[in-house]
Structure formats: structure tokens, C-alpha cells
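This is what each chain is made of:
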Amino acid sequence: MPTVNASTECPLSDRQQAHNVMLYGLTWGMIYLAAPVLYIGLTQASLLQQLGYNEFTCNLPGSIYLWFSPTAVIIAWMFPYVRLLKRVVAIGYLVSSAMAGLVFVGLLLPAPHLALMAVLVHAAVVSGTNGTCVAFTWEILSRAMSARRRGYAFALSTGPGASMAVIGSLASQWLLTREWTTSFGFRLNFALLYLGVVPLMLIAAQCSARLHVPQPETEISRQPFIATIFGGFCEFI
């Protein structure tokens, strides 16, 4: 039997908290590897430019990403329950994986407008999943690790984990500059880039589902929408 941590900060054992630290670091490693696709902006604009769209359309993915960022707030209001924290995060990464697969398929179809729609839908959905997964993961960290363990988790994610961003960037640059002897041309380069994100997000989903999260004796209830979303703002001003 694992020994229970004597600290009152977290009811989980040291072994369980260390397990959470490793899973958190691995999750962020996958996110950083997928950054060229998950961080909406340059990659999508370059893709649409090569598809022949004007500057307004090329900037749409980045704009849509910002427009849909409040989605995370609404999802947090809809699912405030501790028992659903892991499930919401895991589903978020699964949806991100599915959306990357959607763009992969759209780029291999002959109609450019289908690729455009896939890219725009991906930007909108990923805006919601990114924000939601980050917010819910922070809530998990506050419940599933002591302050000292959270320091280790942040050091792991922003140190070795962040180095994955460099690898992801170099890999994307190498992939996007490859020349293929196929009729797909540059579309295949971008399609393979999106395809690479699919397994990364599946790993992130699996890591999130395996986190240890202590459950409260009494579950909180959902509060009224207006009071929850706008109440804090009114108190601030």
C-alpha cells in the first residue's frame, strides 16, 4: 500500500502525486509537439495562401480562434463537477484529434473550399478545446498535487516539455518544405502535418484520463448562468 502524504495540502499519496506530475509533463510535451497546428495562426494562414485565398480569408482561422475563446467559460459553467474534470479534459483532446483528422481528409479532397471549411471548423473547435483543457487541468492540479509537486510539474512542462516545441517546429518546417511526386502537391505536406497531431492528442487524452483526482465528500452544484459568468465582473468593477 502506498504511504499517504502527511501534508494536508493534498489527500493523495506521494506516489499518486508523482504519477500525476509525470502525466501532466507528458501531456504538455504532446501539446508542444503539436503546437504548429494547435496554435492557430501562421500555419493556417500559409496553407490558405497557397490554396489561393486572399489575405482576409487567410486571417480568418486566427480570428475565429479568438472569437470562440469564450467557449471555455461556458463549458466550465456547464460542467463544474469534480467527478467530470478528467472526462472533460480527455474528451477535449479527443475532439482536437478528430478535428486534425478532419483537416487531413479535407486537404486530400479535390475541392479547395472543403479544405477551407475544415480549417475554419478546426480553428473554432480547437479554440474551445484548448481553453477548456487548460482551465480544467489547472483545477485538477490544484486538487491532485501539493504546492511542491505543482512546482515539479511546471518545471517538467516548461523545461523538457517545452523543448518539444522546438522539435515540433523543426519537424513542421522539414515536412512543409518536402517535395512529393504526387498530384496533391503542397496539400499533402499540410495534410501530413495535421495527421501527425492525431496520435499526439490521443496520447494527451489517455494521460488525462489516467490522472488521480481526489473526490470531494459533497459535490458542488451548477450556479445560475448570469451570476456565474458576469457576477465576478460586476464585483470587480
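Worth saying up front: this structure is predicted, and the values here are computed from it rather than measured.

Caption draft 1: Spotlight on the packing of aromatic side chains. Per the counting criterion, the structure on display carries five aromatic pairs. Considering the side-chain rings of Tyr24 and Phe154, the 6.2 Å spacing of their centres and the 70° angle between planes classify their relative orientation as edge-to-face. Residue Tyr24 is located in helix α1 (residues 14-33), and its partner Phe154 is located in helix α9 (residues 147-158); the two are separated by 130 residues in the primary sequence. For Tyr24, a relative accessible area of 7% translates into the label buried. Look at Phe154 and you get partly exposed, because its relative accessible area is 27%. Ring centres 5.3 Å apart and planes at 35° place the aromatic pair Trp138 and Phe154 in the tilted group. Taken as a pair, Trp138 in helix α8 (residues 112-144) and Phe154 in helix α9 lie far apart in primary sequence, 16 residues in all. Put simply, the rings of Tyr24, Trp28, Tyr32, Trp138 and Phe154 touch in pairs and so form one group of aromatic residues. Here Arg83 stacks its cationic end above the ring of Tyr81, 4.7 Å away from the centre of that ring.

Caption draft 2: Just the side chain of Ser208, in detail. Tracing the chain through its elements places Ser208 in helix α11 (residues 186-209). What Ser208 contacts, discounting residues up to four positions off in sequence, is Thr27, Lys86, Val89, Ala90 and Tyr93.

Caption draft 3: Quick look at the pattern of salt bridges. Scanning all chains against the criterion turns up three salt bridges. Arg83 serves as the salt-bridge partner of Glu219, at 3.6 Å between the closest nitrogen and oxygen. Placement of Glu219 in the loop between α11 and α12 (225-236) and of Arg83 in the loop between α6 (71-78) and α7 (85-108) is noted, with a sequence separation of 136 residues between them. Given the relative accessible area of 26%, Glu219 is considered partly exposed. Linking Arg143 and Glu139 is a salt bridge whose minimum nitrogen-to-oxygen distance equals 2.7 Å. Placement of both Arg143 and Glu139 in helix α8 is noted, with a separation of four residues, approximately one turn of the helix.

Thresholds, definitions, all that
Residues numbered from 1 in each chain as written. Predicted model: local features only at pLDDT ≥ 70, side-chain atom pairs only at ≥ 80, totals over all residues. Heavy atoms only, no water. Phe/Tyr/Trp six-rings, centres within 6.5 Å; stacked < 30°, edge-to-face > 60°. Helix = DSSP H or I, 4+ residues; strand = E, 2+ residues; numbered from the N terminus. Buried < 20%, exposed > 50% of the residue type's maximum accessible area, 1.4 Å probe, protein only. Lys NZ or Arg CZ within 6 Å of the ring centre and 35° of its normal. Contact = heavy atoms within 4.5 Å. Salt bridge = Lys/Arg side-chain N within 4 Å of Asp/Glu carboxyl O.

By themselves, these figures tell us nothing about what the structure is for.
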